[in-house]
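Structural overview
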Amino acid sequence: MREIAFRDALNEALAEEMERDPDVFLMGEEVAEYNGAYKVSKGLLDQFGPRRVIDTPIVELGFAGLGVGAALAGLKPVIEMMTFNFAILALDQVVNHAAKARYMSNGQLSCPIVIRGAGGAGGSLAAQHSQSLEAHYAHVPGLKVMMPATPKDAKGMLKTAIRDPDPVIFIESEVLYGYKGEVPEEEYLIPMGKGEIKREGGDCTVITWSRMVHTVMDAAEELKNSDGVDVEVLDLRTLRPLDKDLIRESVKKTNRVVVVEEAWPWASVGASVADFVARDLFDWLDAPVGRVNQRDVPMPYAFNLEPLSLPSVERVAEAVKKACYL
């Protein structure tokens, strides 16, 4: 094991998969000459050349469409969106074409494309650049949605996404690119649709993903030290397909659940997770399912207001204590 940054783990995944499979290529804004807006593609242009690391104009709908066409023709494009706030412009290609190709062709066509890039709040970037939009994609049949929280997960999950025969939405928290963690030396994959227990506990299951894993881990430590509450932290990692078996086993153990997400509360991924727990696991619950979200407003621009909008350690701890009737 060695400690590397989140962005470097993604870079390794891209380089290894491009080396392994000549059909894999990277395309997006500033991915080549500039080494990527977040330096995820650093060095790839020198290693693989301009035919496989391709800079594009600022036209998300256009290069997403090129990627979909290339995937349908048998290549394996990785399309980098500088931020998923901009990927809204490409929803037609992703939702109407990539997601539906296999179904509408009766299985004759596959679309092995990965659309990846930054999502969520990044620190005083204002409402148009601070959105967690995973619910847009998780809502659509035919799309798979992955959101890693650690460098180890980022590398293993991206390699899995690139090898998948169907379109994968791969959202990386904007504030995690510099986060460091241990990554194995040997090659490994993290299976699609498999979550992970990041912290064992017996009093309450907190279900989360991406950046909020770290917020929840901090809250779990505070709750253990201040109130003796032993929190189990469940990182979904893949939002679609959902690891229902992992959720089920954790809830059977703790009998209490809180869902924490960076996104807005209404019609969110967390709402669907809470619905699954409340409907399918009702007999195992000793308390209502709790939820912690970003405030239901556009993200404030002011640097001091952004943390007040996002889920915090304090808000997570309050929700857990409420679930435990403390």
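This one's a predicted model, so the numbers in the text were calculated from it and none came from an experiment. (Residues numbered from 1 in each chain as written. Predicted model: local features only at pLDDT ≥ 70, side-chain atom pairs only at ≥ 80, totals over all residues. Heavy atoms only, no water.)

Remarks on the nonpolar core
Of all hydrophobic cores here, the largest spans 44 residues; its most connected members are Ile169 and Ile247. Two domains each put at least three residues into this core: domain 1 (3–182) and domain 2 (196–323). Not counting residues within four places of it along the chain, the set of residues in contact with Ile247 comprises Ile207, Leu234, Leu236, Leu242, Val273, Phe276, Val277 and Leu281. Grouped together as the second largest cluster of nonpolar side chains are 34 residues, Met18, Phe170, Tyr188 and Met192 included. (Core = buried A, V, L, I, M, F, W, Y, C linked by side-chain atoms within 4.5 Å. Buried < 20%, exposed > 50% of the residue type's maximum accessible area, 1.4 Å probe, protein only. Domains from an automatic or database assignment. Contact = heavy atoms within 4.5 Å.)

Focus on the domain arrangement of the protein chain
If you check the domain split of the protein chain, you get domain 1 (3–182) and domain 2 (196–323). Distance between the C-alpha centres of domain 1 and domain 2: 26 Å. Broken down residue by residue, the surface that domain 1 buries against domain 2 is led by Ser124, Ser132 and Met147, which jointly contribute 22%. Here domain 1 and domain 2 share two salt bridges between them. Linking Asp153 and Lys198 is a salt bridge whose minimum nitrogen-to-oxygen distance equals 2.8 Å. Counting across the domain 1 and domain 2 interface gives 14 residue pairs in polar contact (both at pLDDT 80 or more). Breaking the side of domain 1 that touches domain 2 down by element, the ones donating at least two residues are helix H7 (134–138), strand S6 (144–146) and helix H8 (151–163). (Buried area = accessible area lost by both parts, 1.4 Å probe. Salt bridge = Lys/Arg side-chain N within 4 Å of Asp/Glu carboxyl O. Polar contact = N/O pair within 3.5 Å; in protein donor to acceptor, adjacent residues only side chain to side chain. Helix = DSSP H or I, 4+ residues; strand = E, 2+ residues; numbered from the N terminus.)

A look at the side chain of Asp243
Summarising the element assignment, Asp243 is placed in the loop between strand S12 (238–240) and helix H10 (244–254). Apart from residues no more than four positions distant in its own chain, Asp243 is found in contact with Gly193, Lys194 and Gly195.

Considering the pattern of salt bridges
In the structure shown here, the tally under the stated rule is 30 salt bridges. A salt bridge links Glu16 to Lys159; the nearest nitrogen and oxygen atoms lie 2.9 Å apart. Taken together, the residues Glu16 in helix H1 (residues 6–20) and Lys159 in helix H8 connect sequence positions 143 residues apart. One salt bridge connects Glu187 with Arg163, and the closest N-O pair in it is separated by 2.9 Å. With Glu187 in the loop between strand S8 (180–183) and strand S9 (196–199) and Arg163 in helix H8, the pair connects residues that are 24 residues apart, well separated along the chain. Given a relative accessible area of 53%, Glu187 falls into the exposed group. Sharing partners across several salt bridges, the network here consists of Arg2, Glu12, Glu16, Glu17, Arg20, Lys155, Lys159, Arg163, Glu185 and Glu187.

Remarks on the packing of H10 against helix H11 (residues 269–280)
Packing of H10 against H11 leaves a shortest axis separation of 11 Å and a crossing angle of 55°. As judged from the angle between their axes, H10 and H11 are oblique. Our pair here, H10 against H11, has a crossing hand that is right-handed. Each of Lys244, Ile247 and Arg248 in H10 lies in contact with H11, whose residues at this interface are Val273, Phe276 and Val277. Residue composition of the contact of H10 with H11, grouped by class: four nonpolar, no polar and two charged. (Axes fitted to C-alpha atoms, helices over the stretch in contact; angles between N-to-C directions. Parallel < 35°, antiparallel > 145°, perpendicular 65-115°, else oblique. Left-handed = near helix turned anticlockwise from the far one by under 90°. Nonpolar A, V, L, I, M, F, W, Y, C, P; charged D, E, K, R; others polar.)

Details of the packing of helix H3 (residues 60–72) against helix H5 (residues 91–98)
The N-to-C vectors of H3 and H5 enclose an angle of 25°; their axes lie 8 Å apart at closest approach. One way to sum up the angle between H3 and H5 is to call them roughly parallel. From H3, Leu61, Ala64, Gly65 and Val68 reach across to H5, where they touch Asp92, Gln93, His97 and Ala98. For the contact of H3 with H5, the residue count by class is four nonpolar, three polar and one charged.

Considering the sheet that holds strand S14 (residues 290–292)
With mixed pairing, the five strands of this open sheet are ordered in space as S9-S11-S10-S13-S14. The outermost strands of the open sheet, each flanked by one partner alone, are S9 and S14. Here the average twist between neighbouring strands, direction ignored, is 25°. Bridge count for S9 against strand S11 (residues 231–235) is three bridges, and the pairing is antiparallel. Among the inter-strand pairings, Ile197 is bridged to a residue of S11, identified as Leu234. (Pairing = 2+ DSSP bridges.)

What about unusual backbone geometry?
Here Arg240 and Pro241 are connected by a cis peptide whose omega angle stands at 5°. Relative to the assigned elements, Pro241 resides in the loop between S12 and H10. A positive phi angle, near 55°, is found at Tyr325, a position not held by glycine. By the element assignment, Tyr325 lies in the segment after helix H13 (313–323).

Considering the packing of aromatic side chains
Tallied over the full model, the rule gives three aromatic pairs. Plain terms: the ring middles of Phe84 and Tyr137 are 5.6 Å apart, the flat faces sit at 80° to each other, and that makes the pair edge-to-face. Of this pair, Phe84 sits in helix H4 (residues 84–87) while Tyr137 sits in helix H7, placing them 53 residues apart in sequence. Here Phe84 matches Tyr137 in class, with each residue buried. Ring-pair connections join several aromatic residues into one group, and the members of that group are Phe6, Tyr38 and Tyr177. (Phe/Tyr/Trp six-rings, centres within 6.5 Å; stacked < 30°, edge-to-face > 60°.)

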